[in-house]
Amino acid sequence: METVLRATWVIAYRDLLRFIQDRPRLFGSFAMPLLFLIIFGAGFNRIIGSLAPGVDFVQFMYPGIIAMTVLMNSLMSGLSIVWDREFGFLREVLVAPLSRTGIVLGKVAGNSVIAIGQGLIMLALAPIIGVKIDFILVLKLIPLLFVISISLSGLGILMASRMRSQQGFQVLMQIIIMPLIFLSGVFFPVNNVPVWLEVVSKFNPLTYGVDTIRQVFLNGNLSAVADASSDSSYALGVTVFGHTMGIIEDTLVMAVLGIILLSLAIWSFSRQE
Amino acid sequence: MDNGTNIIEIHDLTKKFGQITAVDSISFNVYKGEIFGFLGPNGAGKTTTINMLCTLLTPTSGRATVSGYDTSKQRRQVQRIIGLVFQDPTLDDYLTAEQNLRFHAYAYGVPKNIREERLDQLLELVELSDRRKGKVSTYSGGMKRRLEIARGLLHHPQILFLDEPTLGLDPQTRHYVWEHIHALRKQEDLTIFMTTHYMDEAENCDRIAVIDQGKIIALDTPDNLKDSLGGDVVILEAEDSQKAMLELEGKYNLSPQLQDQTITFSVPHGETFLPELMRSFQSKIVSISVHGPTLDDVFLKLTGHAIRDQEADAWAQFRRMMPH
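Analysis parameters
- Residues numbered from 1 in each chain as written.
- Chains lettered and ligands numbered in written order.
- Predicted model: local features only at pLDDT ≥ 70, side-chain atom pairs only at ≥ 80, totals over all residues.
- Helix = DSSP H or I, 4+ residues; strand = E, 2+ residues; numbered from the N terminus.
- Rg over C-alpha atoms; globule rule 2.2 N^0.38 Å.
- Buried ≥ 20, exposed ≤ 12 C-beta atoms within 10 Å, placed from the backbone.
- Contact = placed C-beta atoms within 7 Å.
- Expected span 1.5 Å × (residues − 1).
- Pairing = 2+ DSSP bridges.
- Axes fitted to C-alpha atoms, helices over the stretch in contact; angles between N-to-C directions.

Engineer: Can you lay out the overall build of chain A for me, pointing to particular residues and giving the numbers?
Structural biologist: Helices and strands together make up the secondary structure of chain A, namely twelve helices and four strands. For 273 residues, the compact-globule formula gives about 19 Å, and the C-alpha radius of gyration of chain A, at 19 Å, lands near that figure. Along the longest, intermediate and shortest principal axes, the C-alpha atoms of chain A span 60 × 40 × 35 Å. When the 273 residues of chain A are sorted by exposure, 48% land in the buried category. Sequence-distant contacts, at least 24 apart, represent 83% of the contacts inside chain A between residues at least 6 apart.

In structure tokens form, the structure reads like this:
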């Protein structure tokens, strides 16, 4: 147990230390989410108008963009392992008296802190977009972002545990990231789409992550629109077998998935020589 | 040196990668406090052996103990008492020298009260104190290697493994690294286990195991290995190598070896043998030289090929394909 804890903190410490020194990554991970927010927002906002009373397209998309920022940063946990393997540092880690489970947990912990931090930085855009945020919302958001980050870090490490080259991992990441993002309800509600698209989206774990964050944001904003009795959040939410997922249920889906992915990641990482 | 205690014991250690046997049932002991050299061409199985000793690879069969701990069953205990310097750098380039060392100290659980003092002392030893706050990416190859040696010692290991510690360094830096290794052994009461394919470096070791194609073919002190040649080494080129070989074997009762038109053999006293040979040798000699025995000669004698010829053979290619 002692070696698991020491491994967790020492690996997390190093990843954070390194992140601070790595300026390009600090800014790079905002590029894609911001690009989507600005271009799609500018391009579609006027045509689409309100998706629900008091919620225009940018406001609808914005929580999804935060989830996307967390996703991109979480998958970096995998890239950092491949990077360390390629540049030799992983050997220094593997011959140290550290538990392999602890090493994986440390990668997850370090990257989750970074991912949550980056997600929260995106909150600075809220006033510009016209989304109300307050302290309570931020407090609610942190554990949710944490759950999303843990499951996706697990996915990143699972993908990376046998990968030997960064190029290979980057390709795999692109193949996985794009569908994950486009089919997660970031850009459109997944209920009012062709059946095939709906089915695929509902198998996508990120859908539930996006949905929790959106609910945290929009519930406050929607109730402010007086028409609280209408089912406006219903139309934008995720329905599984006729049941609309609430924040807790969404989070549970992500948490269960996170445990599975993380266990697989630990198993796969521990078996390598 | 305490010849009585074995710090490493290896019994029938074997590692196979698929059909290929990289290390073939080797057995030997390393004494506490010595500099033990593992000498062989690239791809002979040196790094594979080190990787098994430092718990990175699980042996296919056989066993090895380090300070009494089994390297595949008691990994954690083994990891705590060994320090490693690998062939390829394993530093984090984005961090400073200090940060790299601190990471290591945390990972090995070096107590806080001795950590900073130890750090200062080691940076002093490898003469990097003035660059301690510099990022490793700005370091030269030699500085990186010295930093890795300092890092390998940070947690007071009993044994330091050095895998080709001077590979890719210029002669001046190589000399410098060796000075550090000797200084270390005096200061730290260390056992050093190192691999090399530089013969002149192997001379620095107390004992040498010669490994070729996964097997140990000799193990002794450098002096004894050289003495085993039976005197000085004569290198001779003749117009007709085959004829010269026959004559050396028949008339002089020698056991010469032929490689690329060059004939090599040993005689007890080279200086007196040469004039005699010049007088009575029938074949036409193109060139001839004599020198005191070196480990290169030992290797040639033991394996029938020179150590550097092997660099590109199938074994070496296979090794390069293997994950580190």
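Engineer: How would you sum up helix α4 (residues 112-125) of chain B? Please name residues and give values.
Structural biologist: Residues and elements named next belong to chain B. End to end, α4 covers 20 Å across 14 residues, agreeing with the expected 20 Å (1.5 Å per residue, within 8%). Among the residues of α4, those classed as buried are Leu119, Leu122 and Leu123. Those residues of α4 hidden inside the fold are in contact with α3 (97-107) and α5 (141-153). Following α4 by one or two positions, Glu127 adopts a phi angle in the positive range, close to 55°.

Engineer: I'd like a rundown of α5 of chain B, residues and numbers included.
Structural biologist: All names here are of chain B. With 13 residues, α5 extends 19 Å between its outermost C-alpha atoms, agreeing within 8% with the 18 Å of an ideal straight helix rising 1.5 Å per residue. Judged by how many residues are buried, α5 sits mostly within the fold: ten of 13 residues are covered. Every buried residue of α5 is listed here: Lys144, Arg145, Arg146, Leu147, Glu148, Ile149, Ala150, Arg151, Gly152 and Leu153. Buried residues belonging to α5 abut β6 (82-85), α3, α4, β7 (159-163) and α6 (171-188).

Engineer: Provide a residue-level description of the sheet that holds strand β14 (residues 285-291) of chain B, including the pertinent values.
Structural biologist: All names here are of chain B. With antiparallel pairing, four strands are arranged side by side in an open sheet as β12-β13-β11-β14. The open sheet is flanked by β12 (257-259) and β14, the only strands paired with a single partner. Between one strand axis and the next, the sheet turns through 20° on average, direction left out of account. Here strand β11 (residues 232-238) pairs with strand β13 (residues 262-267) via six bridges, running antiparallel. Looking at β13, one finds that Val234 is bridged to Phe265. Lying on the sheet, helix α10 (residues 270-280) is in contact with β11, β13 and β14; it crosses β14 at an angle near 165°.

As far as function goes, none of this settles anything; it's purely spatial.
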